[in-house]
Amino acid sequence: MTGSRAVKALLYAQLAVGAVLALLPMVWMVSASLMPAGEASTFPPRLFPREVTFEHYVALFTRLHLGRYFLNSAGIALAVTSVSLLVNSMAGYAFAKLRFRGRDRTFRLLATGLVVPVQVAMLPLFLLMKQLGLVNTYWGVVIPGMASIFGIFLIRQYALSIPDDLLDAARMDGAGELRIFGSIVLPTIVPILATLAIWTFLSTWNDFMWPLIVLSDERRYTLPVALANLAGEHVQDTELMMAGSVLTILPVMLVFLFLQRYYVQGVMVGSVKG
Amino acid sequence: MTGRTVRAAVLPLLAVLGGCGGDAGRDEVTVRFWGMGREGEVVAELVPEFERRNPGIRVQVQQIPWTAAHEKLLTAVVGGATPDVAQLGNTWVPELAALNALEDLGPRVEGSAAVDPADYFPGSWDTNVVDGRLRGIPWYVDTRVLFYRPDLLAAAGYPEPPVTWEAWRDALRRMKARMGADRYPILLPTNEWPQPVALGMQTGAELLRDGGRRGNFRDPGFRRGFEFYVSLFREGLAPAVSASEVSNRYQEFSRGNLAMVITGPWEIGEFSSRVPPEVPWATAPLPGPDGPGASLALGASLVIFRGSEHRDAAWKLVEFLSEPEQQLRFYELTGDLPPRRTPWESPVLAENRHAAAFRAQLERVRPLPQVPEAEQIVNKVFEQGERAARGQASVEQALAALDREVDRILEKRRWILDREAGR
Amino acid sequence: MLEAPEAGVAAGAPARTSAPAAPRRRFRAPGEENRAAYVFLAPALLLIGVFFFLPVAAALVLSFTDFDLYSVADPANVRWVGLRNYARLLDTPLFWQAMGNTLYFALVGGPLSIGVSLAAALLLNSRLVRFKGFFRTVYFTPFVTTLVAVAIVWRYLYHTRYGLLNYVLGWVGIGPVDWLGDPRWAMPAIILMAVWKSFGYNMLIFIAGLQAIPEELYEAARIDGASALQRFRHVTLPQLGPTLLFVGVVTLIGFFQLFVEPYVMTMGGPLRATTSVVLLMYEEGFRWWRMGYAAAVAFVLFLVTLAATLVQLRLRKEEG
């Protein structure tokens, strides 16, 4: 039917325009990063380079030590992700399946924390880190991220659906709670663990304000902080900054593209609150 | 569990990264230097010579953009994560000194051959003396002078640049008459504090009174300078615009829509490259109320942090950078002016006619108040200056507001000083 | 916020068990189960308690003192000043400007972002469309990117002369706009970028919500002769109510925390047009080290965020 064909065409047209708008900045970013120095600052602006050059990427790795910042970001993101998986899943499971005094009250208290802007805590947290001698250290960046209220919520939401009979049967067999957790619960919640792992990795990699505050030695900078630092110095070097942006975004983009099934599922589950 | 194995693999990696970049061997010392802006880039070129002369000392230079420098420094001090040596804008020296972060360099200077206090311009040296102790060694100076169009000035009847305020105002009026109603002979961006502060201080007035406890802005001396500053706007000699509202001052200057600006040494390079060679331009010291006037003693110093573990090696680096030959090389790379007289005698600088005005001005420079709140205070000066210039307040109102705001800024300092004095 | 009924169970998650009809038999003594729970909870609660709630409480205390650089040098240089920091910031034009900027950003950008998300979700939910997965990925991509990196990219896109945006606008005859240098356009520029970056997330949530709307409701409406627009107004929107609430609350909370964009793109300028409350807090706290005052700013932000959340909850309660 032509009516439905026309509607379909309209829909696809809108989708296509939306896709172009969504991707255009990043296409330009990659494109400009391959342009020779100065070509991105011409009028009229070019969308594609006249000649492709990798000189900026080379410069970033040799002259500007981006490899080091890359490793910093990777190490910190992996550390936070691995620890928080364990810590958050234990707590999330406990809130979902273990009965204990004050469970609901504690949970509600935890929930209030979600409304508090995280920046409120940053000033005293910095002073606390100083007392602990953790300023300008990797641990200073890692530790505050090791447990997250959102992560606990996510795990709890998913763990609620574990059949109680399964757990009770194990208890009847005399298994300890930790055994039950390790052998029954964890395998069951692997999908949400995957989601949480990706989520934590992405948000730790992308984190900016706290590493900016805590790290003063540039050798320890994470990529976003190093990038902002470079941007302050190399405002004129458009192509170089674009290459830096590409390198910063690339890992999270790859993680997302390959594992998006889990990530998307997690977002949708995360919207289900109870 | 995968998480555990990943963590087991990652932690050693972190440890390695944490240890990386430290001292390579037991006898090799690494001095960490924080440089800002262009100077941070350039210092890396001077370092190889230093390392050659001092085997066993390596210098690691970290560059920090000026926009982030203040917060990075203070955060590092508070967090106990300071470098060994840093370039410090000299308005920040009192701030870090108040935090007890800087080493007292007086004893080191006494025993030093390279650093000779008598060779330094007094105004510049004084910017580093806080509460009687020397906290930094001047690295380069920055002061503000006139950049102008000698041809336009001559056409207005002034073959030589003016040296008094009266002559200055007269010259501007004449140039305005020749330029027309919507052109302004002098550009004084309303969001820049050096101009009103310098003019206010030219009468000899201090910005603060009572031992740095209160604002002194209603003092007749400061008031004279402030009124002169505001009058330039009110008379239509300067446009009431901020720096960001002027798209290209060099173009305006070249076209003759602008005849004078007050700015610093880095502009020598900018003017040389952006103003076409056929357009004449020159520099001159600031005119004062009754004769050649004073200007501001700005610039940056080299400081050593008390938390440093390599203070002796750090001092060697400071001495090296203070040597006249190194200062000359530094000037050639950055255009920053040396704070001591000896390098000025070299032909490179002595024969530079644009730098000559700076040389003359440097004998008449005055430091800002040596209080941690100095930068906040001078920012208030331009804010009130802007209000008065745009007609939003009278001079009396602006100065009264300035005193009020500065008194508020200094309230904590007052309390601490009073408490220490046992009042 | 958390007691609101969920929008619907998303595909992929296991079905929830029904509410327990009879009390379960216990296989553990209550004491034992308590102990086990504490073991499970201890790491997370300890970390969150010490590194989040404790600093938040400390921030509240700090906001009642004049803790600053002098106090860092010598702890004796601290005084209890009660509400003076709050009084002072209410008296400071820059604070009101920051608050105004932040509200402008949140109350314009928030609904805009939600609107775009909803529109994208509706497009992707249409039965007539194939390649849903592809488009969904494409639309979600901006959300995943690092904010600092894209802020830098957009800074160049917004360049008055060489930026793509002004070039494209030039095709339709709109003169070059100084996006980041003109106080009138700087915040709209940041809003545009924030909407672009954030709409993917809410889009996914809306898709889940839309998929949970029973088809029978639409059928019934169609039988009653309702047009597409009427179906949207009378079926879709009400059914999405809880989702809209969730999205609204979460989005607004996020938008109130505006920091990275102005920090990277405009440094809070021009003429302070993009200084947000968090940026102000950062400047006061880490640039000038007026920590007592900065803590007061942070707490005011918290109160505003809380108020906005409660208002939304109240509005929802009155509707539903």
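What counts and how
- Residues numbered from 1 in each chain as written.
- Chains lettered and ligands numbered in written order.
- Predicted model: local features only at pLDDT ≥ 70, side-chain atom pairs only at ≥ 80, totals over all residues.
- Heavy atoms only, no water.
- Helix = DSSP H or I, 4+ residues; strand = E, 2+ residues; numbered from the N terminus.
- Buried < 20%, exposed > 50% of the residue type's maximum accessible area, 1.4 Å probe, protein only.
- Contact = heavy atoms within 4.5 Å.
- Areas by Shrake-Rupley, 256 points an atom, 1.4 Å probe, with all protein chains shown as cover.
- Rg over C-alpha atoms; globule rule 2.2 N^0.38 Å.
- Polar contact = N/O pair within 3.5 Å; in protein donor to acceptor, adjacent residues only side chain to side chain.
- Salt bridge = Lys/Arg side-chain N within 4 Å of Asp/Glu carboxyl O.
- Pairing = 2+ DSSP bridges.
- Axes fitted to C-alpha atoms, helices over the stretch in contact; angles between N-to-C directions.
- pLDDT = per-residue confidence, 0-100.
- Arc of directions from axis to C-beta.
- Core = buried A, V, L, I, M, F, W, Y, C linked by side-chain atoms within 4.5 Å.
- Parallel < 35°, antiparallel > 145°, perpendicular 65-115°, else oblique.
- Left-handed = near helix turned anticlockwise from the far one by under 90°.
- Nonpolar A, V, L, I, M, F, W, Y, C, P; charged D, E, K, R; others polar.
- Buried area = accessible area lost by both parts, 1.4 Å probe.
- Phe/Tyr/Trp six-rings, centres within 6.5 Å; stacked < 30°, edge-to-face > 60°.
- Patch = residues over 30% accessible without salt bridge, like charges linked within 9 Å, V, L, I, M, F, W, Y side chains within 5 Å.

Observations regarding the overall build of chain C
The helix and strand inventory of chain C stands at 14 helices and zero strands. Reading the helices (α) and strands (β) of chain C from amino to carboxyl end gives α-α-α-α-α-α-α-α-α-α-α-α-α-α. A burial count over chain C gives 55% of its 320 residues as buried. Of all intrachain contacts in chain C linking residues separated by at least 6 positions in sequence, the fraction that spans at least 24 positions is 67%. Summed over its atoms, the accessible surface of chain C is roughly 14100 Å², and 66% of this surface lies on carbon and sulfur atoms.

Some words on the overall build of chain A
Within chain A, the regular secondary structure consists of 13 helices and zero strands. Along chain A, helices and strands appear, N-terminal first, in the series α-α-α-α-α-α-α-α-α-α-α-α-α. In terms of overall dimensions, chain A is more spread out than a globule: its C-alpha atoms have a radius of gyration of 23 Å, far above the 19 Å expected for 274 residues. Counting only C-alpha atoms, chain A reaches 75 × 70 × 30 Å along its principal axes.

What to know about the side chain of Ser 308 of chain B
Residue and element names in this part refer to chain B. With respect to the secondary-structure elements, Ser 308 resides in the loop between strand 14 (298–304) and helix 13 (311–322). Residue classification places Ser 308 among the buried residues on the basis of a relative accessible area of 6%. A polar contact of 2.6 Å, which involves the side chain of Ser 308, links it to the side chain of Asp 84.

Things to note about the pattern of salt bridges
Counted by the stated rule, this structure contains 46 salt bridges over all chains. Its salt-bridge partner being Asp 217 of chain A, residue Arg 32 of chain B comes within 3.7 Å of it at the nearest N-O pair. Taken together, the positions of Arg 32 of chain B in strand 1 (residues 29–36) and Asp 217 of chain A in the loop between helix 11 (209–214) and helix 12 (223–233) put the pair across two chains. Note that Asp 66 of chain C is salt-bridged to Arg 79 of chain C, the shortest N-O span being 2.9 Å. One end of the pair, Asp 66 of chain C, is in the loop between helix 1 (30–62) and helix 2 (69–73); the other, Arg 79 of chain C, is in the loop between helix 2 and helix 3 (84–90), and 13 residues separate them in sequence. Each member of the pair, Asp 66 of chain C as well as Arg 79 of chain C, carries the same accessibility label: buried. If you follow the salt bridges from partner to partner, you end up with Glu 411 and Lys 412 of chain B together with Asp 66, Asp 68, Arg 79 and Arg 84 of chain C in one network.

Looking at the sheet that holds strand 2 (residues 57–64) of chain B
Residues and elements named next belong to chain B. One open sheet accounts for five strands, arranged 2-1-3-14-6; its pairing is mixed. Looking at which strands have only one partner, the edges of the open sheet turn out to be strand 2 and strand 6 (137–142). Neighbour to neighbour, the strand axes of the sheet diverge by 20° on average, direction disregarded.

Focus on the environment of Ala 389 of chain B
All names here are of chain B. Checked against the element boundaries, Ala 389 lands in helix 18 (residues 374–389). Each C-alpha atom of the pair Ala 389 and Arg 234 lies 6.6 Å from the other, and the pair is 155 residues apart in sequence. Not counting residues within four places of it along the chain, the set of residues in contact with Ala 389 comprises Val 230, Phe 233 and Ala 240.

Digging into the confidence of the model for chain C
Residues and elements named next belong to chain C. Considering every residue of chain C, the mean pLDDT works out to 85; 90% of them sit at 70 or more. Within chain C, the lowest mean pLDDT, 84, falls on helix 2, and the highest, 94, falls on helix 4 (residues 93–125). Across residues 1–21 the pLDDT falls below 50, and counting only partners more than four positions away or on other chains, this stretch makes 33 contacts in the model. Scored by ipTM, the complex comes to 0.87, with pTM at 0.82.

Digging into helix 12 (residues 266–274) of chain B
Residues and elements named next belong to chain B. Within helix 12, the full set of buried residues consists of Glu 267, Ile 268 and Phe 271. Buried residues along helix 12 cover an arc of 110° about the axis, so they all sit on one side. For helix 12, the secondary structure elements touched by its buried residues are strand 7 (145–148), helix 11 (249–255), strand 11 (260–263) and helix 17 (353–362).

Details of the nonpolar core
Core analysis: the biggest nonpolar cluster contains 239 residues, and Tyr 139 and Phe 259 of chain C have the highest contact counts within it. Per element, the largest residue contribution to this core is 17 residues, and it comes from helix 8 (residues 186–211) of chain C.

Overview of unusual backbone geometry
A positive phi angle, close to 65°, is found at Asn 136 of chain A, a residue other than glycine. Here Asn 136 of chain A shows up in the loop between helix 5 (119–131) and helix 6 (138–142). Accessibility expressed as a relative area gives 7% for Asn 136 of chain A, which makes it buried. Phi at Trp 289 of chain C takes a positive value of approximately 60°, unusual for a residue other than glycine. You can see Trp 289 of chain C is positioned in the loop between helix 13 (277–287) and helix 14 (291–319).

What to know about the packing of helix 4 (residues 103–112) of chain A against helix 7 (residues 149–159) of chain A
Residue and element names in this part refer to chain A. Taken N-terminus to C-terminus, the directions of helix 4 and helix 7 make an angle of 130°; their axes are 9 Å apart at the nearest point. Judged on the interaxial angle alone, helix 7 and helix 4 are oblique. Here helix 4 runs over helix 7; the crossing is left-handed. Between helix 4 and helix 7, the contacting residues are Phe 107, Leu 110 and Ala 111 on the first element and Ile 149, Ile 152, Phe 153 and Arg 156 on the second. Of the residues assigned to the contact of helix 4 with helix 7, the class counts are six nonpolar, no polar and one charged.

Considerations on the interface of chain A and chain C
Of the residues lining the interface, 117 residues belong to chain A; the matching set on chain C comes to 101 residues. Interface area, chain A with chain C, both sides summed: about 9700 Å², of which 77% is carbon and sulfur. When the buried area of chain A at its contact with chain C is split by residue, Leu 15, Arg 99 and Leu 123 of chain A rank highest and sum to 9% of it. Across the contact surface, chain A and chain C share zero salt bridges. Viewed at the interface, chain C and chain A are joined by eight residue pairs in polar contact (both at pLDDT 80 or more). Here the side of chain A that touches chain C gets 18 residues from one element, more than from any other, and that element is helix 13 (residues 238–270) of chain A. Looking at the side of chain A that touches chain C residue by residue, the class counts come to 83 nonpolar, 23 polar and 11 charged.

Some thoughts on the pairing of strand 3 (residues 85–89) of chain B
Residues and elements named next belong to chain B. Counting buried positions along strand 3 yields five of five residues, so the element is predominantly enclosed. Covered by surrounding structure in strand 3 are Val 85, Gln 87 and Gly 89 together with Ala 86 and Leu 88, the residues of both alternating faces. Judged from the two bridges that link them, strand 1 and strand 3 form a sheet pairing that is parallel. Each bridged residue has a counterpart across the sheet, and for Phe 33 the counterpart in strand 3 is Val 85. Pairing of strand 3 with strand 14 involves five bridges; the strand directions are antiparallel. Each bridged residue has a counterpart across the sheet, and for Leu 88 the counterpart in strand 14 is Ser 301.

Some thoughts on helix 6 (residues 147–157) of chain C
For helix 6 of chain C, the tally of buried residues reaches 11 of 11 residues, placing the bulk of the element in the interior. Buried residues of helix 6 of chain C: Leu 147, Val 148, Ala 149, Val 150, Ala 151, Ile 152, Val 153, Trp 154, Arg 155, Tyr 156 and Leu 157 of chain C, and no others.

Some remarks on the sheet that holds strand 11 of chain B
Residues and elements named next belong to chain B. Here four strands make up an open sheet; going across it, the order is 8-11-7-12 and the pairing mixed. Only two strands of the sheet have a single neighbouring strand rather than two, namely strand 8 (186–187) and strand 12 (282–284). Across two bridges, strand 8 lies against strand 11 in parallel orientation. Counterpart to Ile 186 in the pairing with strand 11 is Met 260. Where helix 8 (residues 165–179) meets the sheet, it contacts strand 7, strand 8 and strand 11, and its direction lies at approximately 135° from that of strand 11.

Describing the packing of aromatic side chains
For any pair of aromatic rings, geometry is given as the distance between the ring centres together with the angle between the planes. Residues and elements named next belong to chain B. Tallied over the full model, the rule gives 55 aromatic pairs over all chains. Ring geometry for Phe 147 versus Trp 281: centroids 6.0 Å apart, planes at 10°, classification stacked. Of this pair, Phe 147 sits in strand 7 while Trp 281 sits in the loop between helix 12 and strand 12, and the two are 134 residues apart along the sequence. The same class applies to Phe 147 as to Trp 281, namely buried.

Topic: the packing of helix 13 of chain B against helix 14 (residues 324–334) of chain B
All names here are of chain B. Close contact between helix 13 and helix 14 brings their axes to 5 Å; oriented N to C, the two are set at 70°. If you check the angle between helix 13 and helix 14, you find them roughly perpendicular. On the side of helix 13, the interface is formed by Phe 320, Leu 321 and Ser 322, while helix 14 contributes Pro 324, Gln 326 and Gln 327. When grouped by side-chain class, the residues that make up the contact of helix 13 with helix 14 number three nonpolar, three polar and no charged.

Describing a nonpolar patch on the surface
Residue and element names in this part refer to chain A. A cluster of nonpolar side chains, contributed by Leu 250, Leu 254, Phe 258 and Leu 259, occupies part of the molecular surface with about 400 Å² of accessible area. Note on placement: Leu 250 falls in helix 13. A relative accessible area of 41% places Leu 250 in the partly exposed class.

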